[in-house]
Amino acid sequence: MNRVIARKVVPTYHQIFKLSRKQFCSDEAAKSSAAAASSQFNQESDANLSLTGNVQPYDIAIVGGGMVGMALACSLATTPLTKHLRVAIIDSSPALANKPCIKREDPPDPRVSTVTPATISFFKDTGAWQYVQQHRHAYFDKMQVWDYTSLGYTKYDARDVDKEVLGCVVENKVLHSSLLSRIEDTDFQKTIYHSRLTSMSLNPSSSSIVVDSTAPTEASYARGSLAKLGLSDGNSLYAKLVVGSDGGKSQVRELAGFKTTGWKYSQNAVICTVEHSVENYCAWQRFLPAGPIALLPIGDKFSNIVWTMNPEESSDFKSVKEDDFVKAVNHALDYGYGGHPKSSLPGSAGMFSWLRGNVTISANESFEIPPKVVKLASERMAFPLSLMHANEYASKRVVLIGDAAHTVHPLAGQGVNLGFGDAFALSRIIAEGIAVGMDIGEVSLLKKYEAERKLANMTMMAILDGFQKAYSIDFGPLNILRAAAFHGAHFISPLKRSIISFDPHGMISAGLSKSKHEVTDKLTDQTSDQESNTRISSTSVLSFYN
């Protein structure tokens, strides 16, 4: 049997190394760079088409088209160095087959996310936030946290760190739809497969492929330059890079052989939408004996409830009558399990008054009672809680993002923010690889993403797991220590500012923003002196990030 080995065409795109989406270079330089990249990409696409027959290899296959997977696609679609890539999105969800109609007059869905200022910034950079703003969302600039023992509480205000907001609560379907709308407004070459991944071969043997003279390149691609994916509808496709964004039970992670570490918490989370008689502008969280309850504003006098409890209680609260459930929520957020913490107004005395010293506390920092819930506005949903972390995020041609790489306790609402941080970091590192002519599936490139994101993710996971364990024990001396921590966070200004400002992927993004400006300034200088030079030294580029 005759075999023909096709020469692989590799795009370089060196002359338009521009990692930021903003226009830093001159218009003429940007236009010529984009034209060159487009021309080279078209040459590669034509070469693949003519040489492979029916086999259409993709640059990237994103398995899982949820919020995190679509965030990656959106970032790729709006970044100059990656917007010409051919991308396959594999997901059987109806949300991708038929875009849902979101009506403002409908009650909010109980599945929401609290996005941080860093995530909001990412969405704005890609142009997706403008679509979020067309739907219901609720910024909040204050948060109150307290303990059921009535010994302590703390309040956070965005003004303490010179910010306008602490976060924004958005329905998951709004975030997903906004990302999809932004992608559809570009000329991004994406193909959505409404199917499920059933098999993945990273280094298939040549004997596993039927080779003849009419399709010689399929065999050569299958020998390691591409991953082969099998779908539940019988289709197969090839990709240089497979991204697993398919959730906590990731098929990509399982097929790639990534090991995980973690455990199940003996807790479930009950979520639902509730309605008030007044607007809620604050985020509230109270730690109860069985787990925290959070009341998050969602706009239009609605709030979202996330109530952590043991599995038996969650089963009861999910099925109890609506009026009884509303009473239980108000009880948990008011006098249930203990009274209100004592006011910290001037002149008040207490066990931890020494922490306050001579600081004068305004009435705005005194303890407040959350707005009463008047009715249930959605179904109640319950799901088990666990912690999971993949020992590795990347291997050759495969990388994990979002819940496929890590799952955390929802007590601080950080899970999806960590996932978004993964998506935008991976997009940037893929752009870096393209800029220096690297194979985007090369393990050395993907390990840069892993090293960066593991630090942020493991830091947040350790903090959240520590909180979960600390508040799972009802023990007198420990209760006093927890109360002291609340008072310290409330009265010690530097500590309070540090807590409010802490955001692992936000800190990294701030550093990256600085690096991007440095790289772009360097590129601008080179462009003015060497406009005819279409290559950038890989050493000079990578030195900015090492």
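What you are looking at is a predicted structure, and each value in this text was computed from that prediction instead of being measured.

Draft legend 1. Structural context of the side chain of Thr78. Here Thr78 lies in the loop between α2 (67-77) and β2 (86-90). Here Cys74 takes part through its backbone oxygen, which lies 2.8 Å from a polar atom of the side chain of Thr78.

Draft legend 2. The side chain of Arg428, seen in detail. Within the element layout of this structure, Arg428 appears in helix α12 (residues 415-435). Judged by its relative accessible area of 8%, Arg428 is buried. Within the local environment of Arg428, its side chain forms a polar contact with the side chain of Glu432, the two groups lying 2.6 Å apart.

Draft legend 3. Here's a closer look at the packing of α2 against helix α6 (residues 172-184). Where α2 meets α6, the closest approach of the two axes is 9 Å, and the angle between their N-to-C directions is 25 degrees. What the angle tells us is that α2 and α6 run roughly parallel. The element α2 and its partner α6 pack so that their crossing is left-handed. Side by side, α2 and α6 meet where Met67, Met70, Ala71, Ala73 and Cys74 of the first sit next to Asn172, Leu175, His176, Leu179, Leu180, Arg182 and Ile183 of the second. Residues of the contact of α2 with α6, tallied by class, amount to nine nonpolar, two polar and one charged.

Draft legend 4. Focus on the sheet that holds strand β4 (residues 137-140). One open sheet accounts for three strands, arranged β3-β7-β4; its pairing is antiparallel. Across the chains shown, the open sheet's two edge strands, defined by having one partner strand only, are β3 (112-115) and β4. Neighbour to neighbour, the strand axes of the sheet diverge by 20 degrees on average, direction disregarded. Of the strand pairs in this sheet, β4 and strand β7 (residues 167-171) are connected by four bridges, and their pairing is antiparallel.

Conventions used here
Residues numbered from 1 in each chain as written. Predicted model: local features only at pLDDT ≥ 70, side-chain atom pairs only at ≥ 80, totals over all residues. Heavy atoms only, no water. Helix = DSSP H or I, 4+ residues; strand = E, 2+ residues; numbered from the N terminus. Polar contact = N/O pair within 3.5 Å; in protein donor to acceptor, adjacent residues only side chain to side chain. Buried < 20%, exposed > 50% of the residue type's maximum accessible area, 1.4 Å probe, protein only. Axes fitted to C-alpha atoms, helices over the stretch in contact; angles between N-to-C directions. Parallel < 35°, antiparallel > 145°, perpendicular 65-115°, else oblique. Left-handed = near helix turned anticlockwise from the far one by under 90°. Contact = heavy atoms within 4.5 Å. Nonpolar A, V, L, I, M, F, W, Y, C, P; charged D, E, K, R; others polar. Pairing = 2+ DSSP bridges.

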